[in-house]
Amino acid sequence: MSKLKVIITGVAGKMGRMLVNKIVKDKDLQLIGGVDIKEVGRDIGEVAEVGELGIKVVDKLVCLLEETSPEVILDFTCSEVAYKHILTAVKNHIPIIVGTTGIPLAKLQALKEEIENANIGVIIAPNFSIGAVLSILIAQQVAHYLRDVEIIELHHSQKLDAPSGTSLYTAQKLNEVFKKDIEESKNTKSHIFYGIPIHSVRLPGLVAHQEIIFGGEGQVLTIRHDSLSRESFWPGIKLAMTKIKEIKGLVIGLENLLK
Ligand code: NAD
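Not measured: the values here are computed from a predicted model.

Caption draft 1: Quick look at the state of the cysteines. One pass over the structure, following the stated rule, counts 0 disulfides. Among the cysteines around C78, which has no disulfide bond, C63 carries the closest sulfur, lying 18 Å off. Judged by its relative accessible area of 25%, C78 is partly exposed.

Caption draft 2: Structural detail: the nonpolar core. In this structure, L19, I23, L74, I97, F128, I237 and M241 are the most contacted members of the largest nonpolar core, which totals 37 residues. Listing elements by their share of this core, those giving two or more residues are β1 (4-9), α1 (14-24), β2 (29-35), α2 (44-47), β4 (72-75) and α10 (234-243). It is α1 that contributes the most residues to this core, 5 residues altogether. A domain split of this core shows at least three residues from each of domain 1 (4-124 + 231-258) and domain 2 (130-228). Residue contacts for L74: discarding those within four places in its chain leaves V6, I7, I8, T9, L19, I23, I97, I237 and M241. If you look at the next biggest cluster of nonpolar residues, it comprises 27 residues, including I94, L108, V122 and L250.

Caption draft 3: Region of interest: the site of the ligand. Contacts to the ligand come from 21 residues, most closely from K14, M15, D36, T101 and F128. Between an oxygen atom of the ligand and a main-chain N or O atom of K14, the distance comes to 2.9 Å. The fraction of the free accessible surface of the ligand (850 Å²) that becomes covered by protein chains is 83%. Here the shell around the ligand is composed, by residue class, of 10 nonpolar, 7 polar and 4 charged.

Caption draft 4: How the structure looks around the pairing of strand β7 (residues 148-155). Where β7 meets strand β10 (residues 208-216), 8 bridges bridge the pair, whose relative direction is antiparallel. The residue bridging I151 from the neighbouring strand is I212, located in β10. Bridge analysis of β7 against strand β9 (residues 196-202) gives 5 bridges, and the strand direction is parallel. The residue of β9 that forms the bridge with H155 is R202.

Caption draft 5: Expanded view of the sheet that holds β1. Strands sit in the order β3-β2-β1-β4-β5-β6-β12 across an open sheet of 7 strands; the sheet is parallel. Edge positions in the open sheet fall to β3 (57-58) and β12 (249-252), since each of these has one partner strand only. With 4 bridges connecting them, strand β6 (residues 121-124) and β12 associate as parallel partners. Among the inter-strand pairings, I124 is bridged to a residue of β12, identified as I252. The sheet contacts of helix α4 (residues 79-91) involve β1, β4, β5 (96-98) and β6, and relative to β5 the element is tilted by about 165 degrees.

Thresholds, definitions, all that
Residues numbered from 1 in each chain as written. Predicted model: local features only at pLDDT ≥ 70, side-chain atom pairs only at ≥ 80, totals over all residues. Heavy atoms only, no water. Disulfide = S-S within 2.5 Å. Buried < 20%, exposed > 50% of the residue type's maximum accessible area, 1.4 Å probe, protein only. Core = buried A, V, L, I, M, F, W, Y, C linked by side-chain atoms within 4.5 Å. Helix = DSSP H or I, 4+ residues; strand = E, 2+ residues; numbered from the N terminus. Domains from an automatic or database assignment. Contact = heavy atoms within 4.5 Å. Near = heavy atom within 4 Å. Polar contact = N/O pair within 3.5 Å; in protein donor to acceptor, adjacent residues only side chain to side chain. Areas by Shrake-Rupley, 256 points an atom, 1.4 Å probe, with all protein chains shown as cover. Nonpolar A, V, L, I, M, F, W, Y, C, P; charged D, E, K, R; others polar. Pairing = 2+ DSSP bridges. Axes fitted to C-alpha atoms, helices over the stretch in contact; angles between N-to-C directions.

Below, the structure is given as structure tokens:
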């Protein structure tokens, strides 16, 4: 079987470099290009410290698409850029897997029809760590019995967005169970999303962690997930790449690939 040809956007970033490390060692995948506004012109392998690969970092996805024919784009950039990359992927009929957080859900939902018409798969997941996704699924079960909950999300100090995409997604999924009137609770605390308070911590030393804390009479139930290194995201990303060709349309959330 031929290898799946992959382009990474945000290749010089923390996730991008981890992905280069994983992809070059993977028998099913072939890295054919990388885009970033940093390290432009440098060898991607040198940037990721895996040795020379003979592929240079370029600064525009559209230029790379004129020269290469990827079968999937992996995006780990920032929200505005990722959104533009999704539009480019759809226009060029190339499947895309997006881990970048912070793209408003409404903006993604608005692209649903366009993606279906392009007949490609677009997978977007705020968290590719299988443990984190399972913690949300477990929390949804708990939410049937305990209705008071708050979320604490803790990340490294360079993280650009707050609250994290994972915490917003968790709150959204919990509110699918609670069906709280979101408008009602909107103004009582500034950090309430989908009717659920979210607290953000940013400190050096952290990677990506989340606590979903349920309170009841005389008891507290805490569901905690810790990503101790960026490698925790790889099995979920690999799963998405394994499935991307068979998927047509927009898929939001890794849990939809676990079924
Ligand atoms: P990072 O800042 O280390 O990397 C982002 C990279 O994108 C940088 O190298 C930056 O130069 C590049 N970039 C910025 N503008 C660009 C453009 N116009 N074209 C190409 N590249 C551009 O951040 P990171 O820690 O690697 O995380 C990236 C994103 O992935 C964030 O949104 C983060 O929240 C998200 N993330 C998601 C998951 C998940 O499981 N879904 C896991 C970790 C991180």
